[in-house]
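# Architecture and fold: a report
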Amino acid sequence: MTDLGLLAVPAFALLMFVEWLDARRNRDGPSGFSARDTTTNWITYGLDLVSKPLLQYALPFSTIVAASSLTPLRLPADRWWVWVAGLVVTDFCYYWAHRADHRIRLLWTAHSVHHSSTYFNLSTAIRLPWLNPVASIPRSLAWVPAALLGFPVWMIFLLITLGLLYQFPIHTQRVKTLWAPLEFVFNTPAHHRVHHGSNTPYIDRNYGGVFIVWDRLFGTFAAESEPIRYGLTKNIGTDHPVKVNYHEFAALVGDVRRARSWRGRLGYVFGPPGWSEPARPKPERVAA
């Protein structure tokens, strides 16, 4: 997975340059690009590549390996239908992992990094969290069903990576919409722009990785209906790579420390982003 991410760097850089040239040619580049933002995106991607080998084998994917060792099912990797089924199954698992990223604050501490840019271009795709095992370990549970069905572990890892590479070119405003059947089945730039919107109609929508049909099936699909505002509902106002990576985790720790009860502490960790502990009722004054 790390090797594929590294090998893709030249293609990423070339496509970003082409995107920037096209925006400049159409004289709308300044509003869609920032040198500081793009630099931060590259730094977070580099730190992710460097730190991933420290975590991906020993920690996050150990649950997938364990599930694979327990199941009696074994699917052959030399059959084409296994690859097709594997793509569908792993993308289905990705949908639920991605949905959990947005609905469980512990996971949001990592995923919010990707959404923290107020710009939306190809470099946004590589704005990825790094060294956050607290979130990545439980997230890997989403792919346990794929392992239990008998798909080889290495195939699951490869298809996860290919699914992420598929999502790189859909982080752009240069492509408006594609052929209607493709827009109905697959995740496209139009759908993913909606996912990155922080406007009310777009929050927690379009979780699909390769396929958008999961969102249509489970009621999380939204089409573009008004101008999109990119970023978080409360933007962090910094391009510092360390602050970008850990701002939400630090906020979570602060909320847990200030919580008045175990219900509050658990709510801040496992509740949705924005959840807050109910205020204590004020004691009623007794008339003299």
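Each chain carries its own residue numbering, running from 1 in the written order of its sequence. Note on the predicted model: pLDDT of at least 70 is required for a residue's local features to be given, and 80 or more for side-chain atom pairs to be given and counted; whole-chain, interface and lining totals, by contrast, use all residues. Side-chain metrics in this entry use all non-hydrogen atoms of the structure; hydrogen atoms and water are not considered.

In the cavity and pocket records, a cavity denotes points on a 1 Å grid over the protein atoms alone where a 1.4 Å probe fits but cannot get out, a pocket denotes an open set with protein on both sides within 12 Å along at least 5 of 7 lines, and lining residues are residues with an atom within 4 Å of a point. Grid points are joined across faces, edges and corners, and a volume is the space filled by probe spheres set on the points. The tally for this structure, following the rule as stated, stands at two cavities of 30 Å³ or more. Quantified by volume, the second largest cavity comes out at close to 90 Å³. What lines the second largest cavity is L87, T90, D91, Y94, W143, L159, I160, G163, L164, Q167, G209 and V210. Elements supplying a minimum of two residues to the lining of the second largest cavity: helix 5 (80-103) and helix 9 (153-167). Counting residues per element, the lining of the second largest cavity draws most heavily on helix 9, which supplies five residues. Gly is put with the polar residues, along with every residue not named as nonpolar or charged; the nonpolar set is Ala, Val, Leu, Ile, Met, Phe, Trp, Tyr, Cys and Pro, and the charged set is Asp, Glu, Lys and Arg. Here the residues of the lining of the second largest cavity are counted per class, giving seven nonpolar, four polar and one charged. Here a strand is any run of E in DSSP of at least two residues, a helix any run of H or I of at least four, and the numbering for each starts at the N terminus.

It is worth spelling out the packing of aromatic side chains at this point. Only rings of Phe, Tyr and Trp enter the pairing, Trp through its six-membered ring, and a pair is recorded when the two centres are within 6.5 Å. The plane angle decides the type: under 30 degrees is stacked, over 60 is edge-to-face, the rest tilted. Tallying each qualifying case throughout the model produces 17 aromatic pairs. Their ring planes at 70° and their centres at 5.0 Å tell us that F92 and W214 sit as a pair that is edge-to-face. Placement of F92 in helix 5 and of W214 in helix 12 (residues 213-218) is noted, with a sequence separation of 122 residues between them. For the exposure calls, accessible area comes from a 1.4 Å probe over protein chains only, and a residue counts as buried if that area is under 20% of its type's maximum, exposed if over 50%, partly exposed in between. Owing to a relative accessible area of 30%, F92 belongs among the partly exposed residues under this scheme. Of the residues examined, W214 reaches a relative accessible area of 11% and is grouped as buried. Aromatic rings pair up to connect F92, Y95, W96, F186, Y207, F211, W214 and F218 into one cluster. Residue placement shows R216 over the ring face of F221; its charged tip is 4.1 Å from the ring centre. Definition used: whenever NZ (Lys) or CZ (Arg) falls within 6 Å of the ring centre and also within 35 degrees of the ring normal, the charge is taken to sit over that ring. The cationic tip of R265 hangs over the ring face of W262; the distance from NZ or CZ to the ring centre is 4.8 Å.

A separate point is the layout of surface pockets. Its volume calculated, the largest pocket comes out at about 590 Å³. Lining the largest pocket we find 25 residues, and of these W108, L232, T233, K234 and P273 sit closest to its centre. Contributing elements (two or more residues each) for the lining of the largest pocket: helix 5, helix 6 (105-115) and helix 13 (241-258). Residue classes in the lining of the largest pocket are distributed as eight nonpolar, eleven polar and six charged.

Judged by side-chain polarity, W80, W81, V84 and V88 come together as a nonpolar surface patch covering roughly 440 Å² of accessible area. Within the element layout of this structure, V84 appears in helix 5. Patch membership needs two things, relative accessible area over 30% and no salt bridge, and members are linked within 9 Å if like-charged or within 5 Å if nonpolar (Val, Leu, Ile, Met, Phe, Trp, Tyr). Each accessible area value is a Shrake-Rupley result obtained with a 1.4 Å probe; residue values ignore everything except the protein chains displayed when judging cover. Should a side-chain nitrogen of Lys or Arg be within 4 Å of a carboxyl oxygen of Asp or Glu, the pair is scored as a salt bridge.

Here the focus is unusual backbone geometry. For L131, which is not a glycine, the phi torsion comes out positive at approximately 50°. Within the secondary structure, L131 is located in the loop between helix 6 and helix 7 (133-139). Backbone geometry at D204 places phi at a positive 60°, although glycine is not the residue there. Among the structural elements, D204 can be located in the loop between helix 11 (189-195) and helix 12.

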